[in-house]
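# Structure at a glance
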There are 2 protein chains.
Amino acid sequence: MTVPAHLTFLDAFFHPKSVAIFGASTNPNKSGYKIVENLLNHQYPGKIFPINPRGGSILGMSLYKSVLDVAEPVDLAIIFVPNLHVVKIIEQCIQKGVRGAIIEAAGFGEVGLEGKQLREKLRKVTENFTKIHIIGPNCTGITALDEDGVGFFSSFIPMANTKAGSLAIVSQSGFINGAYYPDFTGRNPQMGLRYVVAIGNKLDVNENHLLEYFLYDDNVSTIGIYIESFYDVRQFILLTRQAHQLQKDVILLRSGFSPLGAKATGSHTGALAENSALIEAVIRQSGCILADDFWELFLISRTLTFMKDTGTNNLVLPNIGIITISGAAGAIMTDWSAKMGLSVPDLDENSYSRLKELYPPWMNPNPFALVDYWPAVEHMKSYEKVILSSTDILLSCPDIQVVFLTVYYSASSWIVDWAKLKDTVEKHKKPIFVWLFGDYQEILQGESIFQSIELPVFYSEKSLVQTFSKIFTSYSFRDRLKDFK
Amino acid sequence: MTVPAHLTFLDAFFHPKSVAIFGASTNPNKSGYKIVENLLNHQYPGKIFPINPRGGSILGMSLYKSVLDVAEPVDLAIIFVPNLHVVKIIEQCIQKGVRGAIIEAAGFGEVGLEGKQLREKLRKVTENFTKIHIIGPNCTGITALDEDGVGFFSSFIPMANTKAGSLAIVSQSGFINGAYYPDFTGRNPQMGLRYVVAIGNKLDVNENHLLEYFLYDDNVSTIGIYIESFYDVRQFILLTRQAHQLQKDVILLRSGFSPLGAKATGSHTGALAENSALIEAVIRQSGCILADDFWELFLISRTLTFMKDTGTNNLVLPNIGIITISGAAGAIMTDWSAKMGLSVPDLDENSYSRLKELYPPWMNPNPFALVDYWPAVEHMKSYEKVILSSTDILLSCPDIQVVFLTVYYSASSWIVDWAKLKDTVEKHKKPIFVWLFGDYQEILQGESIFQSIELPVFYSEKSLVQTFSKIFTSYSFRDRLKDFK
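Residues numbered from 1 in each chain as written. Chains lettered and ligands numbered in written order. Predicted model: local features only at pLDDT ≥ 70, side-chain atom pairs only at ≥ 80, totals over all residues. Heavy atoms only, no water.

In this section: the overall build of chain A. Scanning chain A from N- to C-terminus turns up 17 helices and 19 strands. The globule rule puts the C-alpha radius of gyration for 485 residues at 23 Å, and the 25 Å found for chain A is close to it. Over its C-alpha atoms, taken along the principal directions, chain A stretches across nearly 85 × 50 × 40 Å. When the 485 residues of chain A are sorted by exposure, 65% land in the buried category. Nonlocal contacts in chain A, meaning residues at least 24 apart in sequence, comprise 75% of its contacts between residues at least 6 apart. Side chains of chain A give 43 positive and 49 negative charges; the mean places of these two sets differ by 6 Å. (Helix = DSSP H or I, 4+ residues; strand = E, 2+ residues; numbered from the N terminus. Rg over C-alpha atoms; globule rule 2.2 N^0.38 Å. Buried < 20%, exposed > 50% of the residue type's maximum accessible area, 1.4 Å probe, protein only. Contact = heavy atoms within 4.5 Å. Lys, Arg positive; Asp, Glu negative; His and termini not counted. Charge placed at Lys NZ, Arg CZ, Asp CG, Glu CD.)

Laid out in structure tokens, this is it:
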């Protein structure tokens, strides 16, 4: 990874050699204490300088009264103090030679005149961010994972399930690092993360800086972005096109697309209302995958990282196969597939005759790629055999790109060694998307088994189809992009 | 409940005094055994006559070789035998005076010529269903709950979490009773059921019979329907309009709406392709709530039964209030609300001044009904107080119909007595829809707490907004319907 010169300043944010925490508190219940605790718990490898004019000690370290009292160099500042103190602290950081600051305090652009004045003061003392770079304000900053559970964490929330991986998130909401993190990593424990960056009001560092930086990090394969307003839409398009050329996926969640939503984002990060028609054109031109909400942002991100890990992300045809115990579930998946531009092809002769062997003589399978497996299970007297054979048959068809698999999951009666399904996936280098149902408590166990073999599980049939369709659409865009080079 | 004469035959299906099981098996692993076991486990109050020409005994009962050997009257037959034996069994049932039969066997309309011939034979021997009524074939029949866990069950799948309540389901898929049941009742244990009827190929009994029957059952408040083709569209519209007059909700899930999906339903229940434009017009004229998939069918059903139980189903305005820890989550909910025809009104002076008291002097709340509660929690030093006060303030506004509440759920740090939230709901008779996040394992506990106080929880922000919007749209239709009486 060689980062271009104009972005090397971000290294100090992601891999600071030393960090000062302004607002570090001696009280274990305060967030200013928890930031320090979080760094230690995640084995942050650099030096930590907690700073508080009141003095005292925290977790065995003495509090410095000022950053100017620190004898050694300081790379980065985490600033967790009321907004009115921030300008002075930034001045001291500049004096000390600190390269970057994460301002976690709120009360800038989003709260009227006083906030706007503070913002202007910051521009002035930093000489328009030439003397120091700033992430925030009004953010929870950075999570950067070097290995499982180890790295740099600027948030005050303890992070669980911090598996290192290839997903990078940029978010104009502190909520991602501050509260939603344990939710999405708890639900998707095998979804490894590389970076999560909350950029808040993005006074200085914006989504384009980070998007470009991630393009140069070979460890990043998937980039999720939550944004309330674009910094520079033209540049954003150019960067997402570069992402396509590098086979990296960009998933975009945007709020403020309605006049009412714009009012909401205005009060949140001070985002200005944007022209919705313009933005939709941008999204079309960027070929980003557009997420409907936070749930979907992580559902798609998780799915893409699984597809990349299993090498099943070479999508060229909009053709799906469906394997289901429920004709009704199959019909609903078929409908949504058709509505979303996908197709269920007819089976070739060889595949059809292989499939026929699984069925009782009085009932033939469908001539098209919708396998209703209940009669086959009764005939073969083996659930496992039917699941494994039918996925193998469908994924063997050159026409078929993916299998949507409806699983009746029952650990207590219908036993399947699901790891064998992973072998099928690896053999064909094509993905399987799973819709799981059965006893709810058993399903929770089932989900963790499918997580461990990196087959994506979905709760709703429509959401399963929509996820595949959105990914396929983005990949088609990428293909078309090649022709224009 | 007085059922009109042309529907009294259904009493024999839902409350049979005695039932014969054809295909009852002595082997505990066979479905023909499990049907009998299921009836006993759920304390079916009538008499059970297991029938199998091979004889033997099952769960302490001797198997009859034929229904004609049973000395006492038989109300209902459950037929679980290969399709070729069905006609003869029906003839014997008619001879015996059985009033209804549930045919669980497959292989009729959906599998070509031989199946069609069988179907015609059944029409003939029953003299067009005047001598006996039939549910199915190709179905799992009936679940009818009289009290929690007690009632009549014709399926071979053991049913867990069978809470009795006001939801009735009609499904052209055996999957509902056969496999999806433990899933949706496990996820929504407080969603009480009255009936679940799988009608399969609906040779005789169809969705309109059942819909009309449910209109006469005072215990039924919410009716969910999964269908692959309509029996009689005009009658369906008339019945749903009656449902509106009775303040009963109808949720419709339909498959086969695309040509590809129609191919799938054709192979499933032999449904004929229907004109999609016509069907969409039907749905508009019926004012049904249209579900996207099975997941949503039960999500909406669960939500409606909760709203009815808590008396919060009097929706007159499309105006919502949002209470959130995350400005971003609030903005996304606001966007989807606007896109789906809902509104976030401005706060009146009194509400605003009450809300202001919760906030620190340096940060005022929004002037419109979007409460970003983090600064208030820090100021009040109480999460509970902010949650309870802000919901009370918003629900007090005459303009506001519902609160969308984003909850950071943490049993280990931010403790709230959530039952107090139910008091707020009951005081104002307005619903709260909850989006929950936090540590995933804690959330699972949180969900069950919210279930117990009947506040509906959602996984995705869009899905929360969509559920409310769909319910509101149907209620507005109902209101407009009044003007045409």
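All names here are of chain B. Taken as a whole, this structure holds three cavities of 30 Å³ or more when the rule is applied. The computed volume of the largest cavity comes to approximately 170 Å³. In terms of lining, the largest cavity is formed by 15 residues, of which the most central are Arg187, Asn188, Trp295, Leu299 and Arg302. Sorting the residues of the lining of the largest cavity by element identifies α5 (175-187), α10 (294-309), α16 (440-452) and β19 (457-458) as the ones contributing at least two each. Of the residues in the lining of the largest cavity, the class split is nine nonpolar, two polar and four charged. If you count residues domain by domain, the lining of the largest cavity takes at least three from each of domain 1 (5-307) and domain 2 (313-482). (1 Å grid on protein atoms, 1.4 Å probe; cavity = no way out; pocket = protein on both sides within 12 Å on 5 of 7 lines; lining within 4 Å. Points joined across faces, edges and corners; volume = space filled by probe spheres on them. Nonpolar A, V, L, I, M, F, W, Y, C, P; charged D, E, K, R; others polar. Domains from an automatic or database assignment.)

A separate point is the domain arrangement of chain A. Residues and elements named next belong to chain A. The assigned domain composition of chain A is domain 1 (5-307) and domain 2 (311-483). Summarising the inter-unit geometry, the C-alpha centres of domain 1 and domain 2 are found 39 Å apart. Between domain 1 and domain 2 lies a buried interface of about 2100 Å² when both sides are counted; carbon and sulfur atoms form 57% of it. By the criterion of area lost to domain 2, the three top residues of domain 1 are His244, Phe306 and Met307, representing 33% of everything that side buries. Asp292 is paired through a salt bridge with Lys470; the nearest N and O atoms lie 3.5 Å apart. At the boundary of domain 1 with domain 2, the tally comes to 16 residue pairs in polar contact (both at pLDDT 80 or more). (Buried area = accessible area lost by both parts, 1.4 Å probe. Salt bridge = Lys/Arg side-chain N within 4 Å of Asp/Glu carboxyl O. Polar contact = N/O pair within 3.5 Å; in protein donor to acceptor, adjacent residues only side chain to side chain.)

Before going further, it helps to examine the sheet that holds strand β18 (residues 432-437) of chain B. Residue and element names in this part refer to chain B. Strand order in the open sheet formed by five strands is β16-β15-β17-β18-β19, with parallel pairing between adjacent strands. Each edge of the open sheet carries a strand with a single partner, namely β16 (370-372) and β19. In the packing of α16 onto the sheet, the strands contacted are β17 (402-408), β18 and β19, and the crossing angle to β18 comes to about 165°. (Pairing = 2+ DSSP bridges. Axes fitted to C-alpha atoms, helices over the stretch in contact; angles between N-to-C directions.)

Residues and elements named next belong to chain A. Helix length check: helix α7 (residues 233-245), at 13 residues, gives a terminal C-alpha distance of 19 Å against a target of 18 Å (1.5 Å per residue), a fit within 8%. Regarding α7, the residues found buried are Val233, Phe236, Ile237, Leu239, Thr240, Ala243 and His244. All buried residues of α7 fall inside an arc of 165° around its axis, so they share one side. Those residues of α7 that are exposed and aimed more than 90 degrees away from the buried face are Arg234 and Leu238. Its side-chain oxygen at 3.1 Å from the backbone nitrogen of Arg234, Asp232 defines the N-terminal cap of α7. Once α7 ends, the next one or two residues include Gln247, with phi positive near 60°. (Expected span 1.5 Å × (residues − 1). Arc of directions from axis to C-beta.)

Attention now moves to the packing of helix α11 (residues 327-339) of chain A against helix α17 (residues 461-483) of chain A. All names here are of chain A. It is at 9 Å that the axes of α11 and α17 come closest, and there the two elements cross at 35°. Pair α11 / α17 crosses with right-handed handedness. Every residue of α17 that contacts α11 at Ile332, Met333, Trp336 and Ser337 is listed here: Glu461, Lys462, Leu464 and Val465. In the contact of α11 with α17, the residues fall into five nonpolar, one polar and two charged. (Left-handed = near helix turned anticlockwise from the far one by under 90°.)

Turning chain B through 180° and shifting it by 0.0 Å along the axis lays it on chain A, with an RMSD of 0.0 Å. The superposition operator between the copies reduces to a two-fold rotation axis. (Least-squares fit on C-alpha atoms with pLDDT ≥ 70 in both.)

At the junction of the two partners, chain B supplies 67 residues and chain A supplies 67 residues. Considering only the side of chain B, the residues that lose the most area to chain A are Leu260, Asp335 and Tyr440 of chain B, jointly responsible for 12% of the buried surface there. At the boundary of chain B and chain A, one finds four salt bridges. Residues Lys462 of chain B and Asp292 of chain A are paired through a salt bridge, measuring 3.0 Å at the closest nitrogen-oxygen approach.

For the rest of this paragraph, the subject is the packing of helix α6 (residues 207-215) of chain A against α7 of chain A. Residue and element names in this part refer to chain A. Interaxial distance between α6 and α7 falls to 10 Å at its minimum, and their mutual angle equals 15°. Put simply, α6 runs roughly parallel to α7. With respect to the hand of their crossing, α6 and α7 are arranged in left-handed fashion. Contacts between α6 and α7 involve Asn208, Leu211, Glu212 and Leu215 on the former and, on the latter, Gln235, Phe236, Leu239, Thr240, Gln242 and Ala243. (Parallel < 35°, antiparallel > 145°, perpendicular 65-115°, else oblique.)

What follows concerns the pairing of strand β9 (residues 150-153) of chain A. Successive side chains on a regular strand alternate, one facing one side of the sheet and the next facing the other. Residues and elements named next belong to chain A. Relative to β9, strand β8 (residues 141-147) is paired through four bridges, and the arrangement is antiparallel. Each bridged residue has a counterpart across the sheet, and for Ala144 the counterpart in β9 is Phe152. Count of turn residues in the β8/β9 antiparallel hairpin: two residues, of which Gly149 carries a positive phi of about 75°.

What follows covers the packing of aromatic side chains. Tallying each qualifying case throughout the model produces 83 aromatic pairs over all chains. Both rings, one in Phe9 of chain B and one in Phe13 of chain B, keep their centres 6.4 Å apart while their planes meet at 80°; by these two values the pair is edge-to-face. Against the face of Tyr459 of chain A rests Arg187 of chain B, its NZ or CZ located 4.9 Å from the ring centre. Its end group placed over the ring of Trp336 of chain B, Lys462 of chain B keeps NZ or CZ at 4.5 Å from the ring centre. (Phe/Tyr/Trp six-rings, centres within 6.5 Å; stacked < 30°, edge-to-face > 60°. Lys NZ or Arg CZ within 6 Å of the ring centre and 35° of its normal.)

Within the secondary structure, Asp292 of chain B sits in the loop between β14 (289-290) and α10. Take Asp292 of chain B: its relative accessible area is 15%, and that puts it in the buried class. For the pair Asp292 of chain B and Lys17 of chain B, spaced 275 residues apart in sequence, the C-alpha separation works out to 38 Å. Excluding residues that lie within four positions of it along the chain, Asp292 of chain B makes contacts with Ile332, Trp336 and Lys462 of chain A together with Leu253, Gln466 and Lys470 of chain B. One polar contact links Asp292 of chain B to Gln466 of chain B, side chain to side chain, over a distance of 3.2 Å.

With that settled, consider the side chain of Thr310 of chain A. Residues and elements named next belong to chain A. Among the structural elements, Thr310 can be located in the loop between α10 (294-309) and β15 (320-324). Note on Thr310: relative accessible area 5%, which makes it buried. The residues touching Thr310, leaving out its near neighbours within four places in the chain, are Lys422, Val425, Lys429, Ile453 and Glu454.

Residue and element names in this part refer to chain B. Read across the open sheet, the seven strands follow the order β9-β8-β11-β10-β12-β13-β14; overall the sheet is mixed. Only two strands of the sheet have a single neighbouring strand rather than two, namely β9 (150-153) and β14. Pairing geometry for strand β8 (residues 141-147) and strand β11 (residues 193-198), over four bridges, is antiparallel. In the sheet register, Ile142 faces β11, and the bridge partner there is Val197.

Right, let's talk about unusual backbone geometry for a bit. A cis geometry characterises the amide bond from Gly136 of chain A onward to Pro137 of chain A, with omega recorded as -5°. Residue position: Pro137 of chain A is located in the loop between β7 (133-135) and β8. You will see that Glu127 of chain B, though not glycine, has its phi angle at about 50°, which is positive. Here Glu127 of chain B shows up in the loop between α4 (112-125) and β7 (133-135). On the basis of relative accessible area, Glu127 of chain B is assigned to the partly exposed category, the value being 45%.

Our focus in this paragraph is the side chain of His42 of chain B. Residue and element names in this part refer to chain B. By the element assignment, His42 lies in the loop between α2 (31-41) and β2 (47-51). By relative accessible area, His42 is classed as buried at 7%. If we skip the residues at most four places from it in the chain, His42 touches Gly149, Val150, Gly151, Phe153, Met159 and Thr162.

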